[in-house]
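# Chains, contacts and geometry: an overview
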Amino acid sequence: GESLATNMFEFNLINRKNIKVIEACQDLGVTPLILNPLGKKRLASGLFTTNDLRGGKPNGPKPFGYKKLEKLNPLHVVQETVADRAKRRGGGNDLDRRMRGRRGSRAYEPEASMSVEVSSAQVAINYVIAKGGIPLVDVYNMETAQEVVACLGWQLTKDEVAMLDSAVD
């Protein structure tokens, strides 16, 4: 007979209602594919904050109101803390080392000077991975692609996952 191999659904730092679905998938040997790992309009990315309503674009739109972002301040602080911790352990850096041995990586040759910081968005993506999901991230340009690739080769610690969980509970 036929069996279910994958299940696709939304899960991210600000929408964790499907955590039980991830757990059920793991129990059944089904691969959980995660839509919107950064949240709708990248709300869980930490890009939009009360200090930066435009997400780093001086003339960009303000997709979220101050009050909505204010509720996420504790999460944003923890995301930055976790990003700093991951950077100190080597996450986000040495992209070439992480690409070696990856399927299809022979065609990928990063610039020698490329150094990628650990961002809040990378923390959000690695949170989904830590919970057992496979994030499906929309990539619009080379900058986004580099940020997503920089998520490879490092993981959140159990302590960091617990910190993020506490920030959104």
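This text follows the structure it describes.
Reference entry: report on the structure contained in this document. (Residues numbered from 1 in each chain as written. Predicted model: local features only at pLDDT ≥ 70, side-chain atom pairs only at ≥ 80, totals over all residues. Heavy atoms only, no water.)

### Observations concerning the nonpolar core
Counted only if it meets this: To form a nonpolar core, buried Ala, Val, Leu, Ile, Met, Phe, Trp, Tyr and Cys residues must be joined to one another through side-chain atoms within 4.5 Å. Only protein chains enter the area calculation, which uses a 1.4 Å probe; residues under 20% of their type maximum are buried, those over 50% are exposed, and those in between are partly exposed. Only DSSP runs of H or I covering at least 4 residues are called helices, and only runs of E covering at least 2 are called strands; the numbering of each starts at the N terminus. Contacts are assigned to residue pairs that have any heavy atoms within 4.5 Å of one another.
One finds Leu13, Val123, Tyr127, Leu156 and Leu164 to be the most contacted residues of the largest nonpolar core, which totals 32 residues. Secondary structure elements with two or more residues in this core: α1 (19–28), α3 (73–88), α5 (120–130) and α7 (158–168). Residue contributions to this core peak at six residues, all from α5. Setting aside anything within four residues of it in sequence, one finds leucine 13 in contact with Ala44, Leu75, Gln79, Ala124, Tyr127, Leu164 and Val168.

### As for the packing of α3 against α5
When two helices pack together, their arrangement is given by the angle between the helix axes and the distance between those axes. Selection rule: All axes here are fitted lines through C-alpha atoms, helices being fitted over the stretch that makes contact, and every angle between N-to-C directions spans 0 to 180 degrees. Any angle from 65 to 115 degrees is called roughly perpendicular, while one under 35 is roughly parallel, one over 145 is roughly antiparallel, and all others are oblique. Ten residues, namely Ala, Val, Leu, Ile, Met, Phe, Trp, Tyr, Cys and Pro, are considered nonpolar, four, namely Asp, Glu, Lys and Arg, are considered charged, and the remaining ones, Gly among them, are considered polar.
For the pair α3 and α5, interaxial distance at closest approach is 8 Å and the crossing angle is 90 degrees. The orientation of α3 with respect to α5, classified from their angle, is roughly perpendicular. Contact with α3, carried on its side by Gln79, Glu80, Val82 and Ala83, involves Ser120, Val123 and Ala124 of α5 and no other residues of that element. Residue composition of the contact of α3 with α5, grouped by class: four nonpolar, two polar and one charged.

### Some remarks on the environment of glutamine 122
Short version of the rule: Pairs of N or O atoms are called polar contacts if they sit within 3.5 Å, as long as, within protein, a hydrogen donor faces a hydrogen acceptor (for residues adjacent in sequence, only side-chain-to-side-chain pairs).
Mapping glutamine 122 onto the fold places it in helix α5. Sequence spacing of glutamine 122 and leucine 152 is 30 residues, and the spatial spacing of their C-alpha atoms is 9.4 Å. Looking at glutamine 122, its side chain comes within polar contact range of the main-chain oxygen of glutamate 147, at 3.0 Å.

### Concerning a nonpolar patch on the surface
Short version of the rule: Patch membership requires over 30% relative accessible area and the absence of a salt bridge. Like charges are linked within 9 Å, and nonpolar side chains (Val, Leu, Ile, Met, Phe, Trp, Tyr) within 5 Å. Values of accessible area rely on a 1.4 Å probe in the Shrake-Rupley scheme; residue burial ignores everything except the protein chains shown. What makes a salt bridge here is a side-chain nitrogen of Lys or Arg within 4 Å of a carboxyl oxygen of Asp or Glu, nothing more.
Together, Met8, Leu35, Ile134 and Leu136 make up a nonpolar patch on the protein surface, roughly 320 Å² of accessible area in all. Judged by its relative accessible area of 48%, methionine 8 falls in the partly exposed class.

### Side note on the pattern of salt bridges
Taken as a whole and judged by the stated rule, the model has ten salt bridges. Arginine 42 is paired through a salt bridge with glutamate 147; the nearest N and O atoms lie 3.8 Å apart. One end of the pair, arginine 42, is in the loop between β2 (31–35) and α2 (66–71); the other, glutamate 147, is in helix α6 (residues 142–149), and 105 residues separate them in sequence. On the basis of relative accessible area, arginine 42 is assigned to the partly exposed category, the value being 23%. Glutamate 160 serves as the salt-bridge partner of arginine 89, at 2.5 Å between the closest nitrogen and oxygen. In this pair, arginine 89 is assigned in the loop between α3 and α4 (95–99) and glutamate 160 in helix α7, connecting sequence segments 71 residues apart. Through salt bridges that share partners, Arg16, Lys131, Asp165 and Asp169 make up one connected network.

In short, geometric facts, not functional conclusions.
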